[in-house]
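Architecture and fold: a report
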Amino acid sequence: MEAVSRKTITVGVNGEQYEREVDARRLLIHFIRDDLDLTGSHIGCDTGNCGACSVLLDGTLVKSCMMLAVQADGAKIETVEGLASEGELNGLQQAFSDHHALQCGYCTPGMLMSATALLRENSSPSEEEIRKAIQGNICRCTGYVNIVEAIKAAAQ
Amino acid sequence: MLLREVEYARPASVQEALRLLGANDGARALAGGQTLINVMKARAASPDVLVDLADIGELRGIELGSDGTLEIGAMTTYSDIIGSAEARARPILGEVCNQIADVQVRNRGTMGGNVCSNDPTNHLPPLLVAIGATMTIVGQNGERSVPAEEFFLGVYMTAVGPGELLTKIFVPPGKGDGFASVPIGKDGTCIVNVAASLDGGAPRLAIGCVDAVPVLLRPDSAEDDAVRAAVRSANLDPPWDVHASADYRRHLAEVLALRAVAQAAGRT
Ligand SMILES: Cc1cc2nc3c(=O)[nH]c(=O)nc-3n(C[C@H](O)[C@H](O)[C@H](O)COP(=O)(O)OP(=O)(O)OC[C@H]3O[C@@H](n4cnc5c(N)ncnc54)[C@H](O)[C@@H]3O)c2cc1C
Ligand code: FES
Ligand code: FES
């Protein structure tokens, strides 16, 4: 095995297989947004602090600005685009809308992925568990209360 | 952020990783990337080659030996520790891992990366010093064991030399531990943190965030007066920054030492 500066990777994103050649230095978030044109996942801070770039990697919640695309070779990725089906919001997305859990919406894709990860593991989280689950996601608009309410509602 | 050009390899064995690290002076191990990717973005370091340890099975996992010693692979994530039944043999490990950053960072960040980066504000350096962990380091010339209290050498510097890897962390059995901190948010980066262990007979205290490496103290007893005296006689000279003055950090060191010891005493 030798180290390479460019590599062909295969990833499944929201159920679709993609094969692309990428630079080793390319961050996963840029691969998702610019190479695959899935611009739902956002870049907020680019330092691992805000969570706007959160995606699920083989079912595990990660910040995609803190990884290289080549590290995701062979993985299954889920992004916010995979939540709705046939134009219909899923229950969690509908709950965000119903509870005014977004204002500018910048944090929302990451919030939804963090909430998705939580609800898969814990179908009836307490308020404290919800707050702990979204600790890595910063929202500068809502004050979090409505986000917590929406996740609570979606859990029911 | 566009990183500087870098080469990447994901070897499947420690031997192969050592060969790749040895082949280029600019090669660096990549663990969870939760420090290194940021360091590369900031150009604080720009490795030429990244040797990703993710596929090396022997670096993962948590085993509980018959004598109660935990053997933890360097690539074990904080989330692995939190979810592990074996790791509950030393409950403080999961409790402290659950205070690091947030879910996303805990899912990627590793035990090995946390200690090898030796950021003075990290949670695990003082904890592993207080509970008397031992690190296994492997290089071209074989393997050696280093006690945690000799592992941390300076800010971002450890006993792991160029071309070497930390492979395992051994944690002896025990329950009488405590950890107290004042973090910047509810969890996450600490202003000061203190780990205490009362298991090995004499109390062991390790204070983080006040020096380049955890400050190990051995008070005469677990009594408040003895703990206070030990912290005062250490003549701490902590850094100051936007979060706290040096005086405030000194004050916190004493208060948190008492809290960590009280927690540990409640569990022995
Ligand atoms: C938003 C955010 C908040 C954070 N908050 C906290 C916090 O509250 N508390 C805390 O403790 N940490 C915190 N961290 C740091 C985090 O815990 C990192 O995961 C950790 O410091 C590094 O671990 P890693 O596995 O990601 O290592 P990497 O970033 O991959 O590597 C770090 C360094 O260690 C070296 N290295 C890694 N593994 C080995 C090995 N096995 N052998 C030899 N060298 C190795 C690498 O070459 C590199 O130089 C935070 C990080 C972020 C992004
Ligand atoms: S953009 Fe990734 S955490 Fe902020
Ligand atoms: S809705 Fe604007 S940042 Fe959350």
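Residues numbered from 1 in each chain as written. Chains lettered and ligands numbered in written order. Predicted model: local features only at pLDDT ≥ 70, side-chain atom pairs only at ≥ 80, totals over all residues. Heavy atoms only, no water.

1. Here's the deal with the sheet that holds strand 14 (residues 215–217) of chain B
Residues and elements named next belong to chain B. Note the cut-off: When DSSP locates at least two bridges between a pair of strands, those strands are taken to pair. In this text, helices come from DSSP runs of H or I with a minimum length of four residues, and strands from runs of E with a minimum of two, each type numbered from the N-terminal end. Here, axes are lines fitted to C-alpha atoms. For helices the fit covers the stretch in contact, and angles between N-to-C directions go from 0 to 180 degrees. Any two residues whose heavy atoms approach within 4.5 Å are treated as being in contact.
The four strands lie next to each other as 11-12-13-14, forming an open sheet whose pairing is antiparallel. The open sheet terminates on both sides in strands that have one partner only, identified here as strand 11 (177–183) and strand 14. The sheet shows a mean angle of 15° between the axes of neighbouring strands, taken without regard to direction. Here strand 13 (residues 204–208) pairs with strand 14 via three bridges, running antiparallel. Each residue of the ladder has a partner; that of Leu 205, found in strand 14, is Leu 217. The strands touched by helix 10 (residues 246–265) within the sheet are strand 11, strand 12 (190–197) and strand 13, with strand 12 carrying the most contacts at an inclination of about 35°.

2. Quick look at the nonpolar core
All names here are of chain B. The test is simple: Think of a nonpolar core as a cluster: buried Ala, Val, Leu, Ile, Met, Phe, Trp, Tyr and Cys residues, connected wherever their side-chain atoms sit within 4.5 Å. Exposure categories follow from relative accessible area, calculated using a 1.4 Å probe and restricted to protein chains: below 20% of the type maximum is buried, above 50% is exposed, and the middle band is partly exposed. Reported domain spans reflect what an automatic or database domain assignment gives.
Leu 93, Phe 151 and Ile 169 are the most contacted members of the largest nonpolar core, which totals 35 residues. Put simply, the parts of the chain that give this core at least two residues each are strand 5 (70–73), helix 3 (78–83), helix 4 (92–97), helix 6 (111–117), helix 7 (124–130), strand 6 (134–139), helix 8 (148–151) and strand 10 (165–171). In terms of residues, this core owes the most to one element, helix 7, which gives five residues. Here this core spans two domains, since at least three of its residues come from each of domain 2 (61–171) and domain 3 (176–267). If we skip the residues at most four places from it in the chain, Phe 151 touches Val 115, Cys 116, Met 135, Ile 137, Val 146, Met 157, Thr 158, Ala 159, Val 160 and Leu 166.

3. Structural notes on the domain arrangement of chain A
Residues and elements named next belong to chain A. The cut-off we apply is this: Buried surface area refers to the total accessible area, computed with a probe of radius 1.4 Å, that the two partners give up upon joining, counted for both partners together.
When cut into domains, chain A gives domain 1 (6–82) and domain 2 (91–155). Using only C-alpha atoms to locate each centre, domain 1 and domain 2 end up separated by 21 Å. Between domain 1 and domain 2, the contact holds 17 residues from the first and 14 residues from the second. A buried area of about 1,200 Å², summed over both sides, lies between domain 1 and domain 2, and 59% of it is on carbon and sulfur atoms.

4. Some thoughts on the confidence of the model for chain B
Test applied: The predictor reports its confidence for every residue as pLDDT, a score running from 0 up to 100.
For chain B, per-residue confidence averages 97 on the pLDDT scale, and 100% of positions sit at 70 or higher. Reported confidences for the modelled complex are a pTM of 0.98 and an ipTM of 0.98.

5. With respect to the interface of chain A and chain B
Going by this rule: Put simply, a salt bridge is a Lys or Arg side-chain nitrogen that is within 4 Å of an Asp or Glu carboxyl oxygen. Here a polar contact is recorded for every N or O atom pair within 3.5 Å, except that within protein the pair must consist of a potential hydrogen donor and a potential acceptor, and residues adjacent in sequence are included only if both atoms are side-chain atoms.
Between chain A and chain B, the residue contacts involve 34 residues of the former and 36 residues of the latter. Three residues, Met 1, Arg 25 and Met 66 of chain A, lead the burial of chain A against chain B; their summed loss comes to 27% of the area buried on that side. One salt bridge connects Lys 63 of chain A with Asp 102 of chain B, and the closest N-O pair in it is separated by 2.7 Å. Counting the contacts that link chain A with chain B gives 19 residue pairs in polar contact (both at pLDDT 80 or more).

6. Some thoughts on the site of ligand 1
Residues and elements named next belong to chain B. Using the following cut-off: Neighbouring residues are identified by heavy atoms, a residue being near a molecule or strand if any of them is within 4 Å of it. Only the protein chains shown count as cover for residues, and all accessible areas are computed by the Shrake-Rupley method using a 1.4 Å probe.
Surveying the vicinity of ligand 1 reveals 33 residues, the closest of which are Arg 28, Ala 29, Leu 36, Tyr 78 and Thr 110. Here an oxygen atom of ligand 1 sits 3.4 Å away from a polar atom, N or O, in the main chain of Gly 188. For ligand 1, the protein covers 92% of the area, taking 970 Å² as the surface of the free molecule. Counting only elements with at least two residues in the shell around ligand 1, the list comes to strand 2 (27–30), helix 6 and strand 10. Considering each element in turn, the shell around ligand 1 owes the most residues, five residues, to helix 6.

7. Topic: the domain arrangement of chain B
When the domains of chain B are assigned, the result is domain 1 (7–52), domain 2 (61–171) and domain 3 (176–267). Inter-centroid distance (C-alpha atoms) of domain 1 of chain B to domain 3 of chain B is 34 Å.

8. Concerning the sheet that holds strand 2 (residues 16–23) of chain A
Strands pair in a sheet through their backbones, by hydrogen bonds, and they do so in one of two ways: parallel or antiparallel. Residue and element names in this part refer to chain A. Strand order in the open sheet formed by five strands is 2-1-5-3-4, and the pairing between neighbours is mixed. The two strands at the open ends of the sheet, each matched to only one other strand, are strand 2 and strand 4 (60–63). The sheet shows a mean angle of 40° between the axes of neighbouring strands, taken without regard to direction. Here strand 1 (residues 6–13) pairs with strand 2 via eight bridges, running antiparallel. For Arg 6, the partnering residue across the bridge sits in strand 2 and is Asp 23. Strands strand 1, strand 2, strand 3 (54–57) and strand 5 (76–78) of the sheet are contacted by helix 1 (residues 28–35), whose axis makes an angle of about 115° with strand 2.

9. Description of the packing of aromatic side chains
Residues and elements named next belong to chain B. Definition in use: Only centres within 6.5 Å qualify two rings of Phe, Tyr or Trp (six-membered ring in Trp) as a pair; their planes then separate them into stacked at under 30 degrees, edge-to-face at over 60, and tilted for everything else.
This structure, assessed with the given rule, holds one aromatic pair over all chains. The interplanar angle of 85° and the centroid separation of 5.1 Å between the aromatic rings of Phe 151 and Phe 152 together place this pair among those described as edge-to-face. Each member of the pair, Phe 151 together with Phe 152, is buried.

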